[in-house]
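Read off the chains here:
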Amino acid sequence: MTSTPAPAPAATPGRDGTAALDSYRRAAIIGGGVIGISWAGLFLARGIDVVINDPRPDIEDLVRAGLDEITPALAALGLPTDHLTDGLRFEADLATAVADVDIVQENGPERLELKQQIWGTIERSAPAHALLATSTSSIPATAIAEALRHPERLVVGHPFNPPHLVPLVEIVPGRQTSPAVVERARAFYAALGKRPQVLRKEIPGFVANRLQSALFREAVSLVAQGVVTEQELDDIVTASIGLRWAVGGPFRTFHLGGGPEGLPHFIEHLGRAMATDMWPALGNPTFDDTTVATLVSQAREAFGDDTVAQLAAVRDRAQIALMRALGETPDANSGSAERA
Ligand SMILES: NC(=O)c1ccc[n+]([C@@H]2O[C@H](COP(=O)([O-])OP(=O)(O)OC[C@H]3O[C@@H](n4cnc5c(N)ncnc54)[C@H](O)[C@@H]3O)[C@@H](O)[C@H]2O)c1
């Protein structure tokens, strides 16, 4: 952790506008599961033709049903959805699927060897100009690109689920990813209306999921210890740090918690005690049988009356309302997220 940080990457998208999408007419979505469907919906709504490659025999039905589910959210974001699936097709052969595309967004299973195999084929078959991005949520591009002849072409474009809705895309270059590819990826996601953030160092799990994981670890521990139920813990989060973090992250929050002197005072006043007393006492749970049984039965009690699709629709509506209030909804005309 002593190396010099790389030069500052762009923290927020420029107003690249949809003109930046002009060179992206065709996309290949590799893996049409949860993330693939969401990316496909957003790409299609932005006027990019999409070909889906996925070995599941029922993939066409799954993707079409998934797109039907997310269409209301796309429409609520102000994106055109009347002819959403006109530019959609399916291709079972991976090499053929990527042969004439401008971007490949890979969303296959989270297994290194499989991703290496998929990317080997993509590299041999995709046009030289195509932007090559993987949605992996934890595997470094350096590892996936190990067997590639041109590792400089691959970059992680990690969305936060669901990609059609949540602004963040973490762009994580591998050791050999070229700066030009990083910049192209940043401009592409910004033009889609996302808020791309380039990481300065490759680290497993990237940033958003490491943060989420740290909080979830303590959440599981608190529920397993019987301090609160799952529902009570969720209520505590949405009524406090959830709301707060939508308008200012942990550092801004504690800067404001430090009074007129800001973060330095916070660290002296509360931070040091937090580090010595609280951090060592944080939970370190495991998913043993008892913990899993507790979590599963409480989830059934708290959320079991509705299907996941119903719960997701409610979440999406609330998420869009919140994004609108914060000026975070993408502008269908300019591409980039409009910030207040
Ligand atoms: N689910 C999330 O919250 C989330 C968020 C961000 C990123 N991701 C990442 O996105 C990727 C996909 O995750 P998901 O949640 O959509 O998984 P998923 O299981 O819903 O979808 C994976 C799809 O890949 C298909 N597949 C299997 N073998 C394949 C192959 N050889 N070629 C092409 N497709 C193949 C499967 O049939 C399946 O439809 C993973 O790398 C994951 O880490 C997931």
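**As for the overall build of the protein chain**
- A count of helices and strands for the protein chain gives 13 helices and eight strands.
- Dimensions along the principal axes, computed over C-alpha positions, put the protein chain at roughly 60 × 50 × 40 Å.
- Split into buried and exposed, the 340 residues of the protein chain put 32% on the buried side.
- Of the contacts made within the protein chain by residues no fewer than 6 positions apart, 68% connect residues no fewer than 24 positions apart.

**Here we look at the site of the ligand**
- Taken together, 23 residues sit near the ligand, with Gly31, Gly33, Ile35, Ser137 and Asn161 positioned nearest.
- The set of elements that each furnish at least two residues to the shell around the ligand consists of α1 (34-45), α4 (112-125) and β6 (154-159).
- Broken down by element, the shell around the ligand gets its largest block of residues, three residues, from α1.
- Here the residues of the shell around the ligand sort into eight nonpolar, 12 polar and three charged.

**What about the sheet that holds strand β3 (residues 88-90)?**
- Taken in spatial order, the eight strands make up an open sheet running β3-β2-β1-β4-β5-β6-β7-β8, and their pairing is mixed. The two strands at the open ends of the sheet, each matched to only one other strand, are β3 and β8 (195-198). Averaged over all pairs of adjacent strands, the angle between strand axes in this sheet comes to 25°, irrespective of strand direction.
- Across five bridges, the pairing between β6 and strand β7 (residues 168-173) is antiparallel. Note that in β7 the partner of valine 155 across the bridge is proline 173.
- Contacts from α1 reach β1 (26-30), β2 (49-53), β3, β4 (103-106) and β6, with the element oriented near 165° to β2.

**Looking at the confidence of the model for the protein chain**
- Mean pLDDT over the protein chain works out to 91, with 92% of the residues at or above the 70 mark.
- In this model, residues 1-16 is a region of pLDDT below 50 whose contacts with residues beyond four sequence positions or in other chains number 21 contacts.

**Concerning the pairing of β8**
- Sheet topology places β7 next to β8; four bridges connect them, and they run parallel. By the bridge assignment for β8, glutamate 170 is matched with glutamine 197.

**Observations regarding the nonpolar core**
- Judged by nonpolar contacts, the single largest core of 61 residues is most densely connected at Ala28, Ala40, Val101, Ile103, Val104 and Phe188.
- With eight residues, the top contributor of residues to this core is α1.
- Setting aside residues up to four positions removed in sequence, isoleucine 103 forms contacts with Tyr24, Ala27, Ala130, Leu131, Ala133 and Phe188.

What counts and how
Residues numbered from 1 in each chain as written. Predicted model: local features only at pLDDT ≥ 70, side-chain atom pairs only at ≥ 80, totals over all residues. Helix = DSSP H or I, 4+ residues; strand = E, 2+ residues; numbered from the N terminus. Buried ≥ 20, exposed ≤ 12 C-beta atoms within 10 Å, placed from the backbone. Contact = placed C-beta atoms within 7 Å. Near = placed C-beta within 6 Å. Nonpolar A, V, L, I, M, F, W, Y, C, P; charged D, E, K, R; others polar. Pairing = 2+ DSSP bridges. Axes fitted to C-alpha atoms, helices over the stretch in contact; angles between N-to-C directions. pLDDT = per-residue confidence, 0-100. Core = buried A, V, L, I, M, F, W, Y, C linked by C-beta atoms within 7 Å.

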